[in-house]
Amino acid sequence: MNITAAVVESKGAPFAHRELSLGELRADEVLVEVAASGICHTDLTCRDQLIPTPLPAVLGHEGAGVVVEVGESVTKVSPGDRVGMTFTACGECPSCLRAKSAYCHQFFECNFAASRRVDGSSAFGDVGAHFFGQSSFATHSVASERNVVKLPDGISLEVAAPFGCGIQTGAGAVLRSFDAPAGSSLAVFGVGTVGLASVLGGVIAGCSPIVAVDVVPERLAVARELGATHVVDAREEDAVERIREATGCGVDFAIEATGSPQVLRACVDATAPCGVTGVIGAPAFGTEVSLDVTTVLTGGRVVRGVVEGDSVPEEFLPYLYSLYADGRFPVDRLMTFYEFDEIEQAAHDAESGSVIKAVLRMH
């Protein structure tokens with residue numbers, strides 16, 4: 001069977017539509033006709049090789065669609081099921097066995113480096129087809145039973161698609177990684193998709209105050225509309241000072257969603273004693289940060305990485321879908337939709353910040 005995919009041939013190359021031949025499914029694989037896919041910053045950093053994903057490859061890791069075919073060992077889904085796709089994991093390491101698949105010992109190999117299967121083969125022949133277990137910038141994805149989640153009838157495929165990475169990461173950071181109690185204070189540095197999902201997670205958790213920090217006034221306005229109690233334009237004001245003014249001593253929880261080492265330092269400085277900073281923004285490999293040891297040591301402050309919001313997708317994604325259906329998680333307000341042949345424009349708009357979450361419609 002032939003499918004159409006947006007292929008990145010080499011570092012920094014455009015997304016080029018190609019017709020590719022789809023090979024045979026393996027026993028544990030699921031063929032999904034993709035209806036929509038979000039564009040995530042990670043797709044663009046991998047395109048530009050800041051994270052060394054093997055090329056040529058089909059990127060995309062926020063896909064949703066309809067199951068067309070399943071391998072002989074698949075029991076979780078059947079042809080005709082509507083599914084969202086998310087990250088994948090090995091399923092066998094100590095982290096996976098403790099329901100911590102976001103910290104799979106083979107996470108890089110299974111997701112970023114997995115433009116090919118573990119045995120080196122690809123469902124698309126000479127082009128990588130297994131990025132984050134899906135390569136969803138295509139009319140069809142080869143996923144696995146492990147990284148598909150059934151969708152309820154109350155959510156459209158195009159809205160559900162971005163839940164698989166950025167949205168579950170932001171909301172999960174607050175609701176799962178931090179398990180933030182009601183009344184705790186939260187600062188979110190960088191209010192793109194992940195950051196705004198974090199703001200919504202803070203609202204759901206009952207955090208107060210919730211401080212949103214960015215350099216784009218329009219995004220700060222959205223953050224306030226979604227529930228941020230304070231907003232800080234970091235071009236005009238000192239974010240750390242403003243946060244201390246709002247809280248008296250700093251926040252209980254801070255989220256770094258920009259990938260900037262300088263912003264990470266500000267996050268740590270803005271936390272109260274025993275405060276926790278969650279590092280979500282992903283800079284180029286090898287990026288280092290400078291912290292004041294005394295600030296960390298004497299305040300008992302914690303800096304921790306957050307991958308996929310500590311999500312167990314089979315449990316957490318249905319919870320987020322239900323919040324959306326109840327009107328408590330209006331992430332569709334962040335989305336701008338593009339046709340599949342507009343992927344270059346969508347990527348440009350996402351990279352420039354002129355849209356918050358670009359979503360491709362495949363059909």
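In the block above lies the structure referred to throughout.
Note that this is a predicted model, so its numbers are computed, not measured. (Residues numbered from 1 in each chain as written. Predicted model: local features only at pLDDT ≥ 70, side-chain atom pairs only at ≥ 80, totals over all residues. Heavy atoms only, no water.)

Before going further, it helps to spend a moment on the overall build of the protein. From N to C terminus, the protein includes 12 helices and 16 strands. Relative to a compact globule of 363 residues, whose C-alpha radius of gyration would be 21 Å, the protein shows 20 Å and is just as compact. Summarising its shape, the C-alpha atoms of the protein cover approximately 60 × 40 × 40 Å along the three principal directions. Both charge centroids of the protein, one from 25 positive and one from 46 negative side chains, sit 4 Å from each other. (Helix = DSSP H or I, 4+ residues; strand = E, 2+ residues; numbered from the N terminus. Rg over C-alpha atoms; globule rule 2.2 N^0.38 Å. Lys, Arg positive; Asp, Glu negative; His and termini not counted. Charge placed at Lys NZ, Arg CZ, Asp CG, Glu CD.)

Our next topic: the side chain of Ser136. Checked against the element boundaries, Ser136 lands in the loop between helix H3 (107-110) and strand E7 (140-144). Here the side chain of Ser136 touches Ser37 through a polar contact of 2.8 Å, side chain to side chain. Apart from residues no more than four positions distant in its own chain, Ser136 is found in contact with Val34, Ser37, Leu59, Gly60, His61, Glu62, Gly63, Met85, Ser141 and Met362. (Polar contact = N/O pair within 3.5 Å; in protein donor to acceptor, adjacent residues only side chain to side chain. Contact = heavy atoms within 4.5 Å.)

Packing of helix H6 (residues 193-205) against helix H7 (residues 217-226) leaves a shortest axis separation of 9 Å and a crossing angle of 20 degrees. Overall, the two elements H6 and H7 adopt an arrangement that is roughly parallel. H7 is crossed by H6, and the crossing has right-handed handedness. Facing H6, whose interface residues are Leu196, Val199, Leu200 and Val203, H7 presents Arg219, Val222, Ala223 and Leu226. Looking at side-chain class alone, the contact of H6 with H7 contains seven nonpolar, no polar and one charged residues. (Axes fitted to C-alpha atoms, helices over the stretch in contact; angles between N-to-C directions. Parallel < 35°, antiparallel > 145°, perpendicular 65-115°, else oblique. Left-handed = near helix turned anticlockwise from the far one by under 90°. Nonpolar A, V, L, I, M, F, W, Y, C, P; charged D, E, K, R; others polar.)

Compared with the 18 Å implied by 1.5 Å per residue over 13 residues, the 18 Å span of H6 between its first and last C-alpha is a close match. Burial of H6 is extensive: 12 of the 13 residues sit out of reach of the surface. For H6, the complete set of buried residues consists of Thr193, Val194, Gly195, Leu196, Ala197, Ser198, Val199, Leu200, Gly201, Gly202, Ile204 and Ala205. Backbone geometry just downstream of H6 places Gly206 in the positive-phi region, at approximately 85 degrees. (Expected span 1.5 Å × (residues − 1). Buried < 20%, exposed > 50% of the residue type's maximum accessible area, 1.4 Å probe, protein only.)

The tally for this structure, following the rule as stated, stands at 13 aromatic pairs. Judged by centre distance (5.6 Å) and plane angle (85 degrees), the ring pair of Phe15 and Phe137 falls under edge-to-face. With a gap of 122 residues between them, Phe15 in strand E2 (residues 15-21) and Phe137 in the loop between H3 and E7 connect regions that are remote in the sequence. In this structure Phe15 comes out as buried when scored by relative accessible area, which is 6%. Judged by relative accessible area, which is 0%, Phe137 ranks as buried. (Phe/Tyr/Trp six-rings, centres within 6.5 Å; stacked < 30°, edge-to-face > 60°.)

Strand order in the open sheet made by the three strands is E2-E1-E4, with antiparallel pairing throughout. In this open sheet, the two edge strands, each paired with only one partner strand, are E2 and strand E4 (57-58). The sheet contact formed by strand E1 (residues 2-8) and E2 spans seven bridges and is antiparallel. Paired with Ala6 across the strands is His17, a residue of E2. (Pairing = 2+ DSSP bridges.)

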